[in-house]
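For reference, the chains in residue letters:
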Amino acid sequence: MSNNTDSISTQKVLQCVRFPPRGVSLGIFGKENNPWTYSVPTIQSQILLIYVVTQLFHTPLKRLGFPKITSEIFAGLILGSTLLGRYRSYQESLFPIASQGILGALSTFGYLLFLFLSGVKMDTSLTRKIGRRALVIGILNHLVPLIAGMITVFALSRSFFQEGAKTVSPSVEVITIAKTSFPVISFLLKDLGLLNSELGRLALSSALISDLFGLTITVISVLVVISATGTLARAVKDAILFIIFIIVVIFVFRPLMIWVAKRTPEGRPVKDLYILLIVLAVLLSGVFSDWAEQTVLVGPFIFGLAVPEGPPLGSTLVDKLDPFASGFLLPIFVSLMSLRTNLSAINPSSSFTFANIILMCVASISKILACLLPMLYCKMPLNDAAALSLIMSTRGVVDLATYSFLRDTKIINQETFAFMVIATLFTAVFVQIMVSWLYDPSRKYAGYQRRNLMNSNNKLPILFCIHNQDNTAAILRLLEKSNPTRDFPVVANVLHLIELRGRASSVFISHQVQTKAISDVSYSENVILAFQGYERNNYGAVTIQAFTAISPRNLMHEDICTLALDVLASIIILPFHRKWAVDGSVEVEDHSLRTLNCSVLERAPCSVGILVDRGQLRRSNSVRSSQNAYCVAMLFLGGNDDQEALTFAKRMAISGTVSLTVIRLMSKKEMSSNVDQVVNLDIVGDWKHSRSGWENVQYIERQVNETTETALLVRSLVDEYDLIITGRRNNVHCPLTAGLEEWSEIPELGVIGDMLASKDLKTRASVLVIQQQQIAI
């Protein structure tokens, strides 16, 4: 019986195990009626049972803010020796000893792949750009609890080594408690939606330093133990082998993988042969690290660090392997570790348990203070500093795996292992709930002054968002028609948004500061060159500032709003989630992009415009002006959003190169009863008089008595203009559009914008829907 396999039962039972184990049952043709005498049906039943129990817990607990690892641990405790494992018949039928070994090996393979992918997701280039705060936090976060824990062990040495606890190595336990795992921090920040927040970036950078620092201490500790228990020559030999392994990974395998990435054409998948060879190399690295007397898991993690993160290679490996490793095998691994946990082994009245509690409290408190005090010294707000300290002290699957390894090698006993599992469970729940309560990323917009087009001066700062190169032409066309001149300059802040794939940490790059950065910048190169070329052709009228943000789709709105806040943008221009083909049909409909636009509309610190681009469609013969003119219509119904849209239209018309028609829709009831319409009349009236002498501007008033007339009028305009500007008019109830809200398919465009962006319209007219900055959050 292997040391890596423990019986669920606390009793010592002698069992006979058949080797090789019988795999697949013969079904109705077999002599045995019990399918669980075969390994494959048994393992299938175990996996099914683990997932069912996990989901039964996770469904209600996730509503309370509990992380998923909580449900996985609960499932293992229930199915293991703590509860159901006490019954011998249950243990022998569903969780026999032989099947535990097979399931354990399978789940450990999944954990090995998880560590490899964690190394792939790590952006090691961040270590060259990490600031002083992250460096200090990362080192102190590991060093302070290590020192405090060692002092506590020395003070409580008698408590540790009495009552039969001679197998426990308290120094190793302290090293384990002091460790901070980058994958665990990354998982927590992803669950909390803080990956691309300022706090999240600082936590990831600090965790990267702390994890690498801890890995170095662990490797050195293993070599010291070998030299103490064996010979010095053996320790030197293992150190040389390990150094050779690192050199080969850095100077042989990494250049080969960079070569593979360069040979892969942009937008094409990496060849399956390369993926297969890399997976084989991962397994070989585990064998080599075991040969150097390190754990079999160290090699794959270091090998993962050598893989170029991001597309094409890193993202392909993550896309292909992560669902199987993290989604399927890793939950089984967590549940199996807690399944082998026996809580009855903990004796609450023993001095050994008391010593463990004291050690855990001292290490955890010192870990929190090691982050909290430096951040308070750096003038960070107390809530943010406390949240960061809690994030850096969290525990997860990597810690559980370390405890399991220490128990299997008999460095810690069953009681200590059970205590550490419970401590990990409590810490994971407490940290996630407390961080959610302490830190709110949207709080940065509270009290922010109103910034919109109406309050801007002649110099107009705009934030243009680009998702792919297809958006570039439409944005450049809108920028050109926005009247950038030396008297009315435009500061165009261009943000290229790239989905986070193949790495754990979000990246934000200012191309004014960093001319060369990570490999993903090559995907922004064409976008940057296009806007820089436009800047050269319009010197003095346009200033281009380019940025690249690599983050998850569900968190991109934080990058957009934060940058808009930093550059003092008056308006954000977002691309619409639909892309039209040349014949007018919808070619692509990106629902995640639509969700992103809605998130920006809810929390933007300035005005927002959504650009529905149909410029690639064939030009209609019924466009009312000559082909050299760019015809713009502005539909004015009243309200703040329409006033903002009118301000943008006025700016476009100043140069005289744009033919602008302002169409004001009115009803008799509105004019007589609504006070806001008096304000709207003054605004439009002042504009009518100030634009006297502008031959390129027309003002038309249309009286509309019912909603059907409004719909017919709007639809009649689509073939007359190249661009139609309108306000979103969110939550504004008007007789001219009463009842149309119920038929609205895209609420983020408003009633009028929804009609103009309808799939049924085969028109060339693009649409710009503008929402004025909402009241400060």
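Residues numbered from 1 in each chain as written. Predicted model: local features only at pLDDT ≥ 70, side-chain atom pairs only at ≥ 80, totals over all residues. Heavy atoms only, no water.

The interhelical angle for the contact between helix α20 (residues 556-566) and helix α21 (residues 591-603), taken along N-to-C directions, is 40°, at an axis separation of 9 Å. In terms of orientation, α20 and α21 fall into the oblique class. The handedness of the crossing between α20 and α21 comes out as right-handed. Contact residues: α20 offers Met 556, His 557, Glu 558, Ile 560 and Cys 561, while α21 offers Leu 596, Ser 599, Val 600 and Arg 603. Classifying every residue of the contact of α20 with α21 by side-chain character gives 5 nonpolar, 2 polar and 2 charged. (Axes fitted to C-alpha atoms, helices over the stretch in contact; angles between N-to-C directions. Helix = DSSP H or I, 4+ residues; strand = E, 2+ residues; numbered from the N terminus. Parallel < 35°, antiparallel > 145°, perpendicular 65-115°, else oblique. Left-handed = near helix turned anticlockwise from the far one by under 90°. Contact = heavy atoms within 4.5 Å. Nonpolar A, V, L, I, M, F, W, Y, C, P; charged D, E, K, R; others polar.)

Right, let's get into the pattern of salt bridges. For the coordinates displayed, the defined rule picks out 13 salt bridges. Here Lys 121 makes a salt bridge to Asp 322, at a shortest N to O gap of 3.6 Å. With Lys 121 in helix α4 (residues 97-121) and Asp 322 in helix α13 (residues 313-339), this residue pair connects regions lying 201 residues apart in the sequence. Of the two residues examined, Lys 121 and Asp 322, each falls in the buried class. Glu 701 is the partner of Arg 664 in a salt bridge, and the nearest nitrogen-oxygen pair spans 3.9 Å. Here Glu 701 lies in strand β11 (residues 697-703) and Arg 664 lies in strand β10 (residues 658-666), a separation of 37 residues in the sequence. One salt-bridge network, held together by shared partners, links Arg 340, Arg 407 and Asp 408. (Salt bridge = Lys/Arg side-chain N within 4 Å of Asp/Glu carboxyl O. Buried < 20%, exposed > 50% of the residue type's maximum accessible area, 1.4 Å probe, protein only.)

Moving on: unusual backbone geometry. The phi dihedral of Lys 379 is positive, around 70°, even though this residue is not glycine. Mapping Lys 379 onto the fold places it in the loop between α14 (351-377) and α15 (382-392). Judged by its relative accessible area of 74%, Lys 379 is exposed. With a phi close to 60°, Asn 483 is a non-glycine residue in the positive phi region. Examined against the element boundaries, Asn 483 turns out to sit in the loop between α18 (470-481) and β2 (490-499).

Take the packing of aromatic side chains next. Under the definition given, this model contains 12 aromatic pairs. With a centroid separation of 5.4 Å and 45° between ring planes, the pair formed by Phe 57 and Phe 74 is classed as tilted. Here Phe 57, found in helix α1 (residues 39-61), pairs with Phe 74, found in helix α2 (residues 68-79); they are 17 residues apart in sequence, far enough to count as distant. Look at Trp 259 and Tyr 274: their rings are 6.4 Å apart centre to centre, the planes differ by 75°, and that puts the pair in the edge-to-face class. Of this pair, Trp 259 sits in helix α10 (residues 232-263) while Tyr 274 sits in helix α11 (residues 272-291), placing them 15 residues apart in sequence. Residue Trp 259 is classed as partly exposed on the basis of its relative accessible area of 44%. Grouping aromatic residues by their ring pairs yields a cluster made of Tyr 111, Phe 114, Phe 187 and Phe 333. Taking the ring centre of Phe 417 as reference, the NZ or CZ of Arg 407 above it sits at 4.4 Å. (Phe/Tyr/Trp six-rings, centres within 6.5 Å; stacked < 30°, edge-to-face > 60°. Lys NZ or Arg CZ within 6 Å of the ring centre and 35° of its normal.)

Quick look at the sheet that holds strand β12 (residues 723-727) now. A sheet is described by the order of its strands in space; here 11 strands give the open sequence β3-β4-β2-β1-β5-β8-β13-β12-β9-β10-β11, paired in mixed fashion. The open sheet has two edge strands with one neighbour each: β3 (507-510) and β11. Strand-to-strand twist across the sheet, computed as the mean angle between neighbouring axes with direction ignored, equals 20°. Direction of pairing for strand β5 (residues 571-575) relative to strand β8 (residues 607-612): parallel, over a ladder of 5 bridges. Paired with Ile 572 across the bridge in β8 is Val 608. Sheet strands in contact with α18 are β1 (460-466), β2, β4 (542-551), β5, β8, β9 (630-636), β10, β12 and β13 (766-771), and its direction is about 165° off that of β1. Packing against the sheet, α21 makes contact with β5, β8 and β13, and its axis sits at approximately 165° to β5. (Pairing = 2+ DSSP bridges.)

In this structure, Val 318 sits in helix α13. Along the primary structure Val 318 and Arg 501 are separated by 183 residues, whereas in three dimensions their C-alpha atoms are 7.5 Å apart.

As a further point, take helix α8 (residues 182-192). Most of α8 is tucked away: 8 of the 11 residues are buried. For α8, every residue scored as buried is listed here: Phe 182, Pro 183, Val 184, Ile 185, Ser 186, Leu 188, Leu 189 and Leu 192. Directly after α8, the chain includes Gly 193, whose backbone phi takes a positive value near 70°.

To continue, consider the state of the cysteines. Covalently bonding the sulfur atom of one cysteine to the sulfur atom of another cysteine gives a disulfide. What the rule picks out here adds up to 0 disulfides. For the unlinked cysteine Cys 606, the closest cysteine sulfur is that of Cys 561, found at 7.8 Å. For Cys 606, a relative accessible area of 1% gives the class buried. (Disulfide = S-S within 2.5 Å.)

This part covers the side chain of Glu 748. Mapped onto the secondary structure, Glu 748 falls in the loop between β12 and α26 (750-756). If near-sequence neighbours (up to four positions away) are discounted, Glu 748 is found in contact with His 577, Arg 594, Cys 598, Leu 601, Ile 610 and Arg 728.

Once that is clear, we can look at the nonpolar core. As a rule of thumb, nonpolar side chains are buried together in soluble globular proteins. Counting 69 residues, the largest nonpolar core has Phe 116 and Leu 313 as the members making the most contacts within it. No other element matches the 8 residues that helix α9 (residues 198-229) contributes to this core. Counting residues domain by domain, this core receives three or more from each of domain 1 (35-438) and domain 2 (445-515 + 522-610). Leaving out residues up to four positions away in the same chain, Phe 116 has contacts with Ile 278, Val 282, Pro 300, Phe 303, Gly 304, Val 307, Leu 317 and Leu 321. Ranked by size, the runner-up nonpolar core spans 51 residues in total, among them Ile 572, Val 612, Leu 635 and Ile 724. (Core = buried A, V, L, I, M, F, W, Y, C linked by side-chain atoms within 4.5 Å. Domains from an automatic or database assignment.)

Moving on, we get to the confidence of the model for the chain. Counting all residues, the mean pLDDT for the chain is 78, and 80% of those residues have values of 70 or more. Residue range residues 673-683 is modelled with pLDDT below 50. Its contacts to residues more than four positions away, or to other chains, number 13 contacts. (pLDDT = per-residue confidence, 0-100.)

This part takes up the pairing of β2. A large share of β2 lies buried, amounting to 9 of its 10 residues. Where β1 meets β2, 7 bridges bridge the pair, whose relative direction is parallel. Bridged to Phe 464 within β2 is Val 494. Tracing the backbone out of β1, into α18 and back to the parallel element β2 gives a crossover that is right-handed. Sheet topology note: the β2/β4 ladder contains 10 bridges and is parallel. Each residue of the ladder has a partner; that of Glu 499, found in β4, is Ser 551. (Right-handed = clockwise from strand over helix to strand, strands pointing away.)

Below, the discussion takes up the environment of Asn 458. When you line up the elements, Asn 458 lands in the loop between α17 (414-438) and β1. Once the C-alpha coordinates of Asn 458 and Pro 484 are considered, the two residues, 26 residues apart in sequence, prove to be 9.9 Å apart. Sequence-distant contacts of Asn 458, defined by excluding residues within four places in its chain, comprise Asp 487, Phe 488, Pro 489 and Arg 651.

Here the focus is the packing of α11 against helix α12 (residues 298-305). Running from N to C, α11 and α12 point in directions that differ by 135°, and their axes come no closer than 7 Å. For the element pair α11 / α12, the angle class is oblique. Read as a crossing pair, α11 and α12 show a hand that is right-handed. Touching Ile 278, Ala 281, Val 282, Ser 285, Gly 286 and Ser 289 of α11 are Gly 299, Pro 300 and Phe 303, all from α12. Its residues assigned to classes, the contact of α11 with α12 shows 5 nonpolar, 4 polar and no charged.

To continue, consider the pairing of β12. Of all 5 residues in β12, 5 are buried; the element is thus mostly enclosed. The alternating pattern of β12 places Leu 723, Ile 725 and Gly 727 on one face and Ile 724 and Thr 726 on the opposite face, and all of these are buried. As defined by bridge partners, β9 adjoins β12 across 4 bridges and the pair is classed as parallel. Note that in β12 the partner of Val 632 across the bridge is Leu 723. Pairing analysis gives 5 bridges linking β12 to β13, with the strands arranged parallel.

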